[in-house]
Amino acid sequence: MRIRATVAAVSGALALSALAVPAAGAVEPAPGKADLFQAAHRAASGRTAFTGSTTAAAPYALDLAFSGVKVNNGRPIVVGTTGKVTAPVSFRVTHAADIDLSAEDVEFDVLLYRGSLTSPSNTVWGDYRPSCVDVSATVATCRSTVDIRPLEGDLLNSDATTFKALGYAFDWNDQHPYSDDSVDWSKVGYAEGDALALVKLQRASRLTVDAAPEPVKKGKTLTVTGKLSRANWEDNQYHGYSTQPVKLQFRKKGSSTYTTVRTIRTTTTGTLRTTVKATVDGYFRYSFAGTSTTPAATAAGDFVDVR
């Protein structure tokens, strides 16, 4: 489904020949989706048209363009440690009238990548083919997804950053790229659109609170503890988020509004601890504003009965 640097660092049409012609005597697996995309991009990199070379043929320019790309409705994609996270993607495709988007040998989608386009640090995309509705003979509106499975090693912690959206399209013209057969790239049409949208991937966060003792006598000291943790995509556990500012907030019983009592920082292990005087019945909670790599989190209020 996604890949981390599976194509060797070659450039131009050499990348295409590297995929199409295995070394003598070698048994090479069929190329994957990211292999083909990266190879096609390298062949076209720096050119205004997909011209061939003396080394190997390159794909021809496919008359197709992407626009209006929106990923996860413009919000960051927050990923925990288990399950599958599916983010919606919507876009518009404008194409020549003789390109049939529903044809089996026409392959297109919008994927996310970070790093350089010729050799991305990571690439993620959806499980299924986009679903499109024709607006006219040359325009279609499409929906797809980005699907991420942290338990399958899709992400490293360093992937908590900004990804770019890239639209790509192949018209394979009866070539068979996912088989062991060689591909005649001169018969393949290819188009891409880079940096069509930006989206952040973030490590899911958790925040707890516990105010004790309960109940408590008026005027006595309450100790409010808690912990801020976030997903680690490399061991699939939640670990404390250190030295982060967190607000202790209080809501009086019968009120709907929390007010900030004070701001404290988490310890090196993500724990929180502070003390307050018990005055009236109400709810204590911790609230974290979030960072670029980690979303905001607010603990559910812990009720304290003051007697």
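Residues numbered from 1 in each chain as written. Predicted model: local features only at pLDDT ≥ 70, side-chain atom pairs only at ≥ 80, totals over all residues. Heavy atoms only, no water.

Thoughts on the side chain of Asn 232
And then number 1: On the secondary structure map, Asn 232 appears in strand β13 (residues 221-232).
And then number 2: Within polar-contact distance, the side chain of Asn 232 engages the side chain of Asn 157 at 3.2 Å.
And then number 3: Beyond its immediate chain neighbours, meaning those up to four positions away, Asn 232 contacts Thr 81, Asn 157, Arg 203, Gln 237 and His 239. (Helix = DSSP H or I, 4+ residues; strand = E, 2+ residues; numbered from the N terminus. Polar contact = N/O pair within 3.5 Å; in protein donor to acceptor, adjacent residues only side chain to side chain. Contact = heavy atoms within 4.5 Å.)

As for the state of the cysteines
And then number 1: By the definition in use, this model includes one disulfide.
And then number 2: Shown here is the disulfide that connects Cys 132 with Cys 142, its sulfur atoms set 2.1 Å apart. Between Cys 132 and Cys 142 the sulfur-sulfur dihedral comes to about 110°; the bridge is accordingly right-handed. Taken together, the positions of Cys 132 in strand β7 (residues 131-134) and Cys 142 in strand β8 (residues 139-148) put the pair ten residues apart, joining distant regions of the chain. (Disulfide = S-S within 2.5 Å.)

Some words on the packing of aromatic side chains
And then number 1: Overall, the coordinates contain eight aromatic pairs when judged by the stated rule.
And then number 2: Where Tyr 241 meets Phe 288, the ring centres are 5.9 Å apart and the plane angle is 80°; that geometry is what we call edge-to-face. Of this pair, Tyr 241 sits in the loop between β14 (237-240) and β15 (245-252) while Phe 288 sits in strand β18 (residues 282-288), placing them 47 residues apart in sequence.
And then number 3: Residue class for Tyr 241 comes out buried when judged on its relative accessible area of 9%.
And then number 4: With relative accessibility at 3%, the residue Phe 288 sits in the buried group.
And then number 5: Taken together, a centroid distance of 5.0 Å and an interplanar angle of 55° make the contact between Tyr 283 and Phe 303 tilted. (Phe/Tyr/Trp six-rings, centres within 6.5 Å; stacked < 30°, edge-to-face > 60°. Buried < 20%, exposed > 50% of the residue type's maximum accessible area, 1.4 Å probe, protein only.)

Topic: the environment of Pro 150
And then number 1: By the secondary structure assignment, Pro 150 is in the loop between β8 and β9 (162-171).
And then number 2: Among the residues examined, Pro 150 registers a relative accessible area of 1% and is labelled buried.
And then number 3: Sequence spacing of Pro 150 and Thr 81 is 69 residues, and the spatial spacing of their C-alpha atoms is 5.6 Å.
And then number 4: Sequence-distant contacts of Pro 150, defined by excluding residues within four places in its chain, comprise Val 79, Gly 80, Thr 81, Thr 82, Gly 83, Trp 233 and Asn 236.

Notes on the nonpolar core
Burial of nonpolar side chains together is a common tendency in soluble globular proteins.
And then number 1: By size, the foremost hydrophobic cluster in this structure holds 36 residues, and its most contacted members are Ile 77, Phe 91, Phe 108 and Leu 112.
And then number 2: Counting only elements with at least two residues in this core, the list comes to β2 (64-71), β3 (77-79), β4 (85-95), β5 (106-115), β8, β9 and β11 (198-203). (Core = buried A, V, L, I, M, F, W, Y, C linked by side-chain atoms within 4.5 Å.)

A word on the sheet that holds β7
What holds strands together in a sheet is hydrogen bonding between their backbones, with the strands either parallel or antiparallel.
And then number 1: Pairing is antiparallel in the open sheet, where four strands are placed in the order β2-β4-β8-β7. On the outer flanks of this sheet lie β2 and β7, each paired with one strand and no other. The sheet shows a mean angle of 20° between the axes of neighbouring strands, taken without regard to direction.
And then number 2: The pairing of β2 with β4 spans six bridges and is antiparallel. If you follow Ala 65 over to β4, its bridge partner there is Thr 94. (Pairing = 2+ DSSP bridges. Axes fitted to C-alpha atoms, helices over the stretch in contact; angles between N-to-C directions.)

Things to note about the confidence of the model for the chain
Should pLDDT be low for a region, the predicted coordinates there are not to be read in detail.
And then number 1: Mean pLDDT over the chain stands at 86; residues scoring 70 or higher make up 80%.
And then number 2: Of the regions scoring below 50 in pLDDT, residues 1-31 engages in 68 contacts with residues more than four places distant in sequence or in other chains.
And then number 3: Contacts of residues 46-55 to residues separated by more than four positions or lying in other chains number eleven contacts, the stretch itself having pLDDT below 50. (pLDDT = per-residue confidence, 0-100.)

A short note on the side chain of Gln 175
And then number 1: Looking at where Gln 175 falls in the secondary structure, it is placed in the loop between β9 and β10 (189-193).
And then number 2: Looking at Gln 175, the relative accessible area reads 15%, which means it is buried.

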